Amino acid sequence: MKVLVLNCGSSSVKYQLFNMEDRFVLAKGQVDRIGMKGAVLSHTRHDDHKVKMAGEIIDHQAAIEYILAILISENHGVIEEREEIDAVGHRVVHGGEKFKDSVLITRDVVDNLQEFIDLAPLHNPHNIKGIRACHQLLADVPMVAVFDTAFHSNMPDYAYLYGLPYILYKRYSIRRYGFHGTSHYYVSRRARDLMEQDMEDLKIITCHLGNGCSITAVDGGASIDTSMGFTPVEGLLMGTRSGDIDPALVLHLLAKEELSVGDMNTLLNKHSGLQGVSGVSNDMREIIDAVEEEGNERARIALDIFTYRLKKYIGAYTATLGGLDALVFTGGIGENSPEVRERSTEGLGHLGIEIDQEKNYETMGVEGDITSEDARVNTYVIPTNEELVIAIDTEKIVKEETELA
Ligand code: AMP
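In this text, all values refer to a predicted model and were calculated from it rather than measured experimentally.

*Asks:* Quick one: what's the story with the pattern of salt bridges, residue by residue and with numbers?
*Replies:* Scanning the entire structure with this criterion turns up 16 salt bridges. The salt bridge partner of Glu-97 is Arg-175, with a shortest N-O separation of 2.8 Å. Placement of the pair is Glu-97 in the loop between strand S6 (87-92) and strand S7 (103-104) and Arg-175 in the loop between helix H5 (166-172) and helix H6 (181-195), with a sequence separation of 78 residues. A relative accessible area of 29% means that Glu-97 is categorised as partly exposed. Where Asp-193 meets Arg-192, a salt bridge forms, and the shortest distance between an N and an O atom there is 2.9 Å. A cluster of three or more residues bridged by salt bridges with shared partners is formed by Arg-190, Arg-192, Asp-193 and Glu-367.

Right, here's the structure in full:
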C-alpha cells in the first residue's frame, strides 16, 4: 500500500509518500508561501535527488495538485500515476473531545472538524482545506485523520480541568487538550524499543522542543499530563509563544497597552518566548550563539528561562509519575542542542537523571543514548517521526475498513 501523508499549515503543505510494505519513504517535501509571491515546492526523492520549483500557488488545492504532479513526473517522480496512491493520512491538530483515535474521514468527520475550528482557529481550517482539496483531486481514495490531541485524550480529569467554574467546561469544552501527541507517542514507543521492556512497566517523560515546545508524562504508555493546554500557548517557553503566565496579566496588559483581543493573541503567540525575551531571535541556535559568543545578557535570560522551566516540569512530572525510567529529547532543539539538554538536566542527579556530556555533545540530529554510567534514569535523544505514525495509522484503518466492506 502507498500512503501519502499531508500536513497542511496556514501557508504550507508538507508531504511524504510511503511504501508501506517496507515503510520506505519514496519522496518527501513541502510547498511554502501558499497564496503569496514566491511560492515554492521543495521535493526530495528517496535517492536524494532534489528539486525546487517556483510557481503561482494560490491555495491549498493548487499546492496539492503541484505535489501530485511532481510525484508522477518523469524526471522527479516516484510513481507513474495518481491511482497508485492507495490512501491519504492527514495530520489534524484538534480532535476536540470527540476523537480519541485516528479516524476514517467521512462527511460527518469533516462536519465535526468544522465545529472544532473554534478550538483551533489557527490550525484546523487549513487541515480541512487539505482534506477538501484531496477529495477533489483524488476522488475516492480513502483518507484518515490523525489528531495531535488524541494521545492526550485519556488524561485524568484532575490533569485536564482548569480551576474555573465547571460549567464553562460543559458549556465551551474548556479543558487541557495538549498537542504534539503524535510525536510524544512515537518517541515514547521508540524509547520502549531501546529499553526492550514492556510499555506497561515504563514511566517516561518526553520533551518535544521545536518551534513549539511541550513536555508529556507517559505512564504505562498513556499520556497522563502534558504542558500545552486549551491552546498551544501554555507550558514551556517557546520560539515566539510565552508559555505559562499569570492569566490576570492578560487583563492588566489589555488595559495598560490598550490592546485589542487580536493584538493580545499576537503578543502571546508571535512576540513572546525566546524572541520576546531576548530581542535577538526565536531560533535557539542564534540564542546560544548570542550567549556564548557575544555575552548577550537578554539572550542569556531567555536561555535560562527556557531551561529552568523545562527542568521544573521534569521535576513535576517525575513526581506525578511517582518515579522515572526514561527521559527523551526530541524536536529541532531537543535533537540538536546538547547545550539545552545539559542545562535542563544539570543538578537532577537526585532524581536519578544524569547525562554523559561526551555522548551528549556527540549526539546531534541522530538517535542516541546519552545516559551516564551512574544514572538510574535512561536519557535518550530520539528524532521524532510523526509522519510514520500517521502512515501506519492510515494503513491500519484503511485495511480494517476494506476488510469490513
Ligand atoms: P522544529 O520546529 O522541530 O523544526 O524545530 C525548529 C527549531 O529547532 C529551530 O527554531 C531552532 O531553534 C532549533 N534548532 C535546530 N537546530 C538546532 C541546533 N543545532 N541547536 C539549537 N537549536 C536548533
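Now, onward.
*Asks:* Describe the packing of helix H10 (residues 284-294) against helix H11 (residues 297-321), and please don't skip the residues or the numbers.
*Replies:* The angle between the axes and the distance between the axes are what describe a pair of packed helices. Put simply, H10 and H11 touch, their axes get as near as 8 Å, and they point 125° apart. Accordingly, the angle class assigned to the pair H10 and H11 is oblique. Where H10 crosses over H11, the handedness of that crossing is left-handed. Note on element contacts: H11 touches H10 through Ala-299, Arg-300, Leu-303 and Phe-306, opposite Met-284, Ile-287, Ile-288, Ala-290 and Val-291. Split by residue class, the contact of H10 with H11 holds 8 nonpolar, no polar and 1 charged.

*Asks:* Could you give an account of the packing of aromatic side chains, naming the residues involved and the relevant values?
*Replies:* Throughout the structure, instances matching the rule amount to 7 aromatic pairs. For the pair Phe-99 and Phe-147, a centre-to-centre distance of 4.9 Å together with 5° between the ring planes defines the contact as stacked. Of this pair, Phe-99 sits in the loop between S6 and S7 while Phe-147 sits in strand S8 (residues 143-147); the two residues are 48 residues apart in sequence, bridging distant segments of the chain. Residue Phe-99 shares its accessibility class with Phe-147, and that shared class is buried.

*Asks:* Could you give an account of the sheet that holds strand S10 (residues 213-219), naming the residues involved and the relevant values?
*Replies:* Read across the open sheet, the 6 strands follow the order S11-S10-S9-S12-S14-S13; overall the sheet is mixed. Of all strands in the sheet, those bounded by a partner on one side alone are strand S11 (222-226) and strand S13 (368-369). With 2 bridges connecting them, S13 and strand S14 (residues 378-381) associate as antiparallel partners. Bridge pairing links Gly-368 to Val-381 in S14.

What counts as what
Here, residues in each chain are numbered from 1, in the same order as that chain's written sequence. Totals for whole chains, interfaces and linings use every residue, but because this is a predicted model, local features are given only for residues with pLDDT of at least 70 and side-chain atom pairs only at 80 or more, for both listing and counting. Side-chain metrics in this entry use all non-hydrogen atoms of the structure; hydrogen atoms and water are not considered. Whenever Lys or Arg places a side-chain nitrogen within 4 Å of a carboxyl oxygen from Asp or Glu, that contact is recorded as a salt bridge. Elements are defined by DSSP. Helices are runs of H or I of four residues or more, strands are runs of E of two residues or more, and each kind is numbered from the N terminus. Relative accessibility decides the category of a residue: with a 1.4 Å probe and only protein chains considered, values under 20% of the type maximum give buried, values over 50% give exposed, and everything between is partly exposed. Axes, fitted as lines to C-alpha atoms, cover a helix only where it is in contact. Angles between the N-to-C directions of the axes lie from 0 to 180 degrees. Geometric relationships in this document are graded by angle, where less than 35 degrees denotes roughly parallel, more than 145 denotes roughly antiparallel, 65 to 115 denotes roughly perpendicular, and other angles denote oblique. When the near helix sits turned anticlockwise from the far one by under a right angle, the crossing is termed left-handed; a clockwise turn instead gives a right-handed crossing. The contact criterion used throughout is that any non-hydrogen atoms of two residues lie within 4.5 Å. Residue classes follow a fixed rule: Ala, Val, Leu, Ile, Met, Phe, Trp, Tyr, Cys and Pro count as nonpolar, while Asp, Glu, Lys and Arg count as charged, and any other residue, Gly among them, counts as polar. Only Phe, Tyr and Trp rings are paired, with Trp represented by its six-membered ring, and only when their centres lie within 6.5 Å; those with planes under 30 degrees apart are stacked, over 60 edge-to-face, the remainder tilted. Note on pairing: DSSP must find at least two bridges between two strands before they are called paired.

Coordinates in, geometry out; function isn't part of it.
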